[in-house]
Each structure stands twice: as structure tokens, then as C-alpha cells.
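Here's the letter readout for the chains.
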Amino acid sequence: MIPAVKLEKVNKRYHTPEGEISALEDISFSVGEGEFVGIVGPSGCGKTTLLSIISGLLEPSGGKVFIFGEESYGVNPKIGYMLQRDSLFEWRTIYKNVMLGLEIQNQVTAENISGINELLTKYGLNAFRDNYPSQLSGGMRQRAALIRTLAVNPKILLLDEAFSALDYQTRLAVNDDIYNIIKKEGKTAIMVTHDIAEAISMSERLYVLSRRPGTIKLSVDINLSIENRTPLLSRKAPEFRQYFDMIWKELDIHVL
Amino acid sequence: MSYETFSKEQIQYLKRIKSRNRSIVILRIMLFVVFLAVWEAAASLKWIDPFIFSSPGRITATLSRLYIDGSLWTHVFTTLCETVAGFLLGTAAGVLIAVILWSSDTFSKVLEPYLVVANALPKIALGPVFIVWLGAGPLAIITVALTISLIVTVLEVYTGFKQTDCEKIRLVQSLGANRGQILTKVVLPSSFPVVMNSLKVNVGLSWVGVIVGEFLVSKAGLGYLIVYGGQVFQLDLVMASVVILSLLAAIMYFGVQILEKKIAGRY
Ligand SMILES: Nc1ncnc2c1ncn2[C@@H]1O[C@H](COP(=O)(O)OP(=O)(O)OP(=O)(O)O)[C@@H](O)[C@H]1O
Ligand SMILES: [Mg+2]
């Protein structure tokens, strides 16, 4: 089967007047269609850089990115990118916010609009469609941001610490929420986080990045002995603790 | 959210706010009335020389004289047209130039020092130049008004554009937006408050430009009336013109404010 995302020896150097920063080095991996892959790594190791390269917002300094087998240049409409912050436009209503992608891609058709309405209803935001983002709770905003991403019907989702702005309780709930939505819609997902527990609870496979320049230090397949796994249930799996300890050790975080 | 069921405290709180607001309005009106009364009294009791300081009564008389002989409207109309033209042109050109600067980093870097100098330069100094180029008429006056608001608008709006949240730009880029869409979907709407603010500043600046322009040339307009009144020592005429001027400036300012509310609800 053709992988949804494939990286071949990708590296990235940033050039600044102060000097050259090597952010990523020799990153190769592939993600199958429908897989949920997590990426963890210490702060500043190049996680956002990696997602930006996959999304096409950033060009790699070397190496290749393949999306469904085709070498990818520039922003790819098959990819939806959820940024580190929800970045809802405060001057647009929720409905107008989730319409953004369709507007930009000139795809405001009756069919797509009804698709959006369906998503809003299905994920409990229809009553708030005419509200402004400031009137919504953090979890609802996150859901709105996800619907905005899903509205243009991407095959692949990139999530960059999409939940870090939420408090712990909400975060657990939104994890479940968003995981279910992604699975139900049959999307491929790559999620970046520095929350180890979150990564284990949601991913089928996990890549641990080293300190900058980021390289893949370890790849872990997460096999949990529970049925119908959801992030919340996963946290109760007997293997959870072992995975956690192993990744914690690999991350090698020192607190001075 | 619903406000249907108010507690006692809430009702009292709302009442307090209301009565406070009311007393502020009353105080404002009183301040104005007292000011007029003191001025009038001082003039009629000869504490001040009404010939130099004028008085509310004399100003009213002058206004009604101007109204009756029909020249009031000519002057008001002339100045108003020049100001509105200068204001609209200055603001539109300013925003347009800001867009051009935003669209090219190299271009804006090249122009930066020139803009800074142009901003520091008192634009009035160019008045005589415009008069020579454009003739001693409304065109020169409008140009003075335009120049005064232009550079400030460019700098302010451009700064606003540059402060657009990068994450929002990245977001629309990830959705496939081109340069134009980045401008219309993110940069312009998020700079809306800045643009509105510079609009309000420009109202004041355009009046300055027009009045100064009319000081320099002109055969009609409020600026002309003020200069003329000063030259023939008719301070009543000067004061009357200033009164009209403040009324017009206030109306225009509130007009912009209403426009802001209208657009804010819609875009
Ligand atoms: N535009 C840029 N120019 C120069 N250096 C950059 C740029 N963007 C990122 N970097 C550097 O590259 C490194 C990786 O950045 P990146 O944002 O990808 O890290 P990250 O893993 O997402 O960090 P965090 O966990 O804090 O979100 C950082 O050290 C950062 O300083
Ligand atoms: Mg990051």
C-alpha cells in the first residue's frame, strides 16, 4: 500500500544573520493511511518545523516529502494543519470561521456548505454558529478549529500541540472528542506534543525526537490490550505505564 | 447567556451605573452653560474687552447675519467639500500605499528613511509649492490637507499590517491562500481597528490642512473668514468661524464613529 506520508532523509537548516541553525537532520519515516502517529520531543527540537515541512509551508533544506506516493512541493490541499494555537478569527462568527478554507479554495458550493452544517451539528457547535470565538470555551474553540480544518476535506491531519492551551480536565475530554472525530472521518493523523501521556494515549506509533538538531531517536509501536481504544481508556491500559517510563527515559529531560 | 432573572444586587448595580452616567451628562452640559454664562457676563460687565474677546451674544449675532446674507453656506460648503475631499483622498491613498509597502519587503525597506523624514517634515511648508504648481485655488488647499494626513496614515496602517498575527497568516497559507487572499482575509480585517483609528486622526488633520490652506490662498471658506476677520479686527467673525468649525469637526468625527460601528458588525 502507498503510504499517506513518506519522508526521505529530510533535513532543515535555518539561516539567520547570527548563524546557521540545524533544526532537523536525516528524518525518514512513513505513515500509512488511517494511522494515528505521535511525535514527541524536547522543546525546540524541531517538531513544528517538521510539520511545516510535511504541510508544505516550509521547504526542506534536503530530502523529499511524498504525499500518497507523489513528491510534494508547496502547500498540499490533501493536508489539513491544526496549528499550535486555534487562531480562530475573532472578527468572524464560528460559521464564518469554519467557512474560511472553502472561501480561500473557492469551493463554497451548496454541497460543501451542507457538509459544514453537518459537521457543526454532529460536533455540537450548531447552536453557536453565529457566536464569536470569544464567546466559546477553550474546548469548543478547539473543536471549531478542527471543523475548520476538516471543512476542506483533507485526507491527512497535522496537529501541532493542538491541546496545549487547554486545562487538564478539558484537555482529556477534548483528546477523546477529537480522536473520535478523526477516527470516524477516517483521517490519517500526525500529532506533535510534548505531553508523553497524551502521545501514548492517542497514537498507534510514536516517534521520539532527540534534542536539536532533531533526529528520530526511537520509534515505538503502541500496542495496548484494550478493546475499542479511546485516549481516556488507553490511559487505564496496563502497558501504559511501561510505555511512559520508556519514553520518559528516552526523552532524557534534565531539570537543572 | 440570559439576563432574564436579575438578583436584587444586580438591579441595584445597574441602577448605580445608570445614575452615574446621567450625572456625567448633566455635568457636561452644565460645564458648557456655565462657561457661556461667565463669558457673556464678563463681556457685558466689561471685565474683558468684548471687542477683542467677543462674547456668545456677539457670536450669535454674527452667525445670524452671515446666515441672513447667505454667505454662511458658501463658506461652510467650500470648507466642508475641501476637507472631505482631502480626508477621503489622504486616507484612501495612505491605505493603498501601505498595501503596496506590505506587498514588498524590499520596497518598504528602501522607502523607510524617506517616509520617516517625510513624516517629520511639517507638510505646511510645502503649501507655497502646491500653490505654484496647482494654482491658488481649492486644488492646492485639498492637496495640503491630503499631504498632512497621508504620511501618518501610511506609517500607522503599515505598522498595523506588520503586526498581524503570524499564526493567522500561517493558517490561511496552510489552507492554500495566495498573497491577495492573505491581505483580504487576514491582514485587512485584523488591521481594521488601526485603520479606523487613523481615520479618526485624519478627520482632525484634514481640518488643519484645509484651514491652513485657506489661510494661504482662497476667496471663500471658514479659513478665509478667520484670516479676514483677524485682518479687519472683527474678532466676532473669527470666533463665529471657530464655532462652526468645531461643530463640523465634531459631526465628521461622529460620522466616522458611526461608520466604524456599522462596518464592525458586518465584515
Ligand atoms: N524562522 C526561523 N528562523 C530561525 N530559527 C528558527 C526558525 N523557526 C524555528 N527556528 C529554530 O529551530 C528550532 C526548532 O524550532 P521548532 O519551532 O520547530 O521547535 P519545536 O520543537 O516546535 O519547539 P516547541 O516545543 O517549543 O514548540 C528552534 O531552536 C528554533 O529556535
Ligand atoms: Mg512547536
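Model, not experiment: these values are computed from the prediction. (Residues numbered from 1 in each chain as written. Chains lettered and ligands numbered in written order. Predicted model: local features only at pLDDT ≥ 70, side-chain atom pairs only at ≥ 80, totals over all residues. Heavy atoms only, no water.)

Novice: What should I look at first to understand the site of ligand 1 in this one?
Specialist: Residue and element names in this part refer to chain A. What surrounds ligand 1 is a group of 15 residues, the closest being Gly44, Lys47, Thr48, Thr49 and Arg212. Between ligand 1 and Cys45 there is a distance of 3.2 Å, counted from an oxygen atom to a backbone nitrogen or oxygen. Separating an oxygen atom of ligand 1 from a side-chain N or O atom of Thr48 is a distance of 2.6 Å. For ligand 1, whose accessible area on its own is 630 Å², the fraction buried by protein is 66%. Put simply, the parts of the chain that give the shell around ligand 1 at least two residues each are β1 (5-16), β2 (19-31) and α1 (47-55). By residue number, the principal contributor to the shell around ligand 1 is α1, which donates three residues. Each residue belonging to the shell around ligand 1 can be placed in one class, and the counts come to four nonpolar, eight polar and three charged. (Near = heavy atom within 4 Å. Polar contact = N/O pair within 3.5 Å; in protein donor to acceptor, adjacent residues only side chain to side chain. Areas by Shrake-Rupley, 256 points an atom, 1.4 Å probe, with all protein chains shown as cover. Helix = DSSP H or I, 4+ residues; strand = E, 2+ residues; numbered from the N terminus. Nonpolar A, V, L, I, M, F, W, Y, C, P; charged D, E, K, R; others polar.)

Novice: Would you mind going over the sheet that holds strand β3 (residues 36-40) of chain A with me for this structure?
Specialist: As a general point, the strands of a sheet are linked pairwise by backbone hydrogen bonds and lie either parallel or antiparallel. Residue and element names in this part refer to chain A. Ordered by their spatial adjacency, six strands build an open sheet running β6-β7-β8-β3-β9-β10, and the pairing between neighbours is mixed. The sheet is open, and its two borders are formed by β6 (79-82) and β10 (216-221), each paired with just one other strand. In this sheet, neighbouring strand axes are inclined to one another by 15° on average, regardless of whether the strands run parallel or antiparallel. Relative to strand β8 (residues 188-193), strand β7 (residues 156-160) runs parallel, the two sharing five bridges. Paired with Leu159 across the bridge in β8 is Met191. Across the sheet, helix α8 (residues 240-251) touches β3, β9 (205-209) and β10, and the angle it forms with β10 is around 175°. (Pairing = 2+ DSSP bridges. Axes fitted to C-alpha atoms, helices over the stretch in contact; angles between N-to-C directions. Contact = heavy atoms within 4.5 Å.)

Novice: What is the right way to look at the sheet that holds strand β4 (residues 62-67) of chain A in this model?
Specialist: If you walk across this open sheet you meet the four strands as β2-β1-β4-β5 (chain A), and the pairing is antiparallel. Two strands bound the open sheet, and with one partner strand each, they are β2 and β5 (70-71) of chain A.

Novice: Which parts of the structure should I look at to understand the environment of B:Val195?
Specialist: Residue and element names in this part refer to chain B. Structurally, Val195 can be placed in helix α10 (residues 192-216). Classification of Val195 by relative accessible area gives buried; the value is 16%. If sequence neighbours within four positions are ignored, Val195 has contacts with Val95 and Val157. (Buried < 20%, exposed > 50% of the residue type's maximum accessible area, 1.4 Å probe, protein only.)

Novice: Explain the interface of chain A and chain B to me, please; I cannot follow it from the model alone.
Specialist: Many descriptions give the size of an interface as the accessible area lost when the pieces come together. Taken together, the 23 residues of chain A in the interface contact 18 residues of chain B. With both sides pooled, the region where chain A packs onto chain B buries about 1,900 Å², and carbon together with sulfur makes up 60% of that total. The partner of A:Glu103 in a salt bridge is B:Lys185, and the shortest N-O contact between them spans 2.8 Å. Breaking the side of chain A that touches chain B down by element, the ones donating at least two residues are α1, β6 and α2 (94-104) of chain A. When residues of the side of chain A that touches chain B are assigned to their parent elements, the largest contribution, four residues, is made by α2(A). Looking at the side of chain A that touches chain B residue by residue, the classes come out as 12 nonpolar, six polar and five charged. (Buried area = accessible area lost by both parts, 1.4 Å probe. Salt bridge = Lys/Arg side-chain N within 4 Å of Asp/Glu carboxyl O.)

Novice: What should I look at first to understand the domain arrangement of chain B in this one?
Specialist: Parsing chain B into structural domains produces domain 1 (8-48) and domain 2 (61-264). Of note, the centres of domain 1 of chain B and domain 2 of chain B, computed from C-alpha atoms alone, are 33 Å apart. (Domains from an automatic or database assignment.)

Novice: What is the right way to read α1(A) from this model?
Specialist: Owing to its 3.6 residues per turn, the α-helix brings residues three or four apart onto one side. Residues and elements named next belong to chain A. By the criterion of burial, α1 is predominantly enclosed, with eight of the nine residues buried. Within α1, the full set of buried residues consists of Lys47, Thr49, Leu50, Leu51, Ser52, Ile53, Ile54 and Ser55. Directly after α1, the chain includes Gly56, whose backbone phi takes a positive value near 95°.

Novice: Is there a simple way to explain unusual backbone geometry in this structure?
Specialist: Only a minority of non-glycine residues have a phi that is not negative, and only a minority of peptide bonds are not trans. Residues and elements named next belong to chain A. With an omega of -5°, the peptide bond running from Arg212 to Pro213 counts as cis. Along the chain, Pro213 turns up in the loop between β9 and β10. One non-glycine residue with positive phi stands out, namely Ser87, at about 50°. Summarising the element assignment, Ser87 is placed in the loop between β6 and α2.

Novice: Explanation requested: the packing of α10(B) against helix α11 (residues 222-231) of chain B in the structure shown.
Specialist: Packed helices, taken two at a time, are described by the angle between their axes plus the distance between the axes. Residue and element names in this part refer to chain B. Viewed as axis vectors pointing N to C, α10 and α11 meet at an angle of 50°, and their least axial separation amounts to 7 Å. As far as their axial angle goes, α11 and α10 are oblique. Our pair here, α10 against α11, has a crossing hand that is right-handed. Residues Ile211, Glu214 and Phe215 of α10 pack against Leu222, Gly223, Tyr224, Ile226 and Val227 of α11. By residue class, the composition of the contact of α10 with α11 is six nonpolar, one polar and one charged. (Parallel < 35°, antiparallel > 145°, perpendicular 65-115°, else oblique. Left-handed = near helix turned anticlockwise from the far one by under 90°.)

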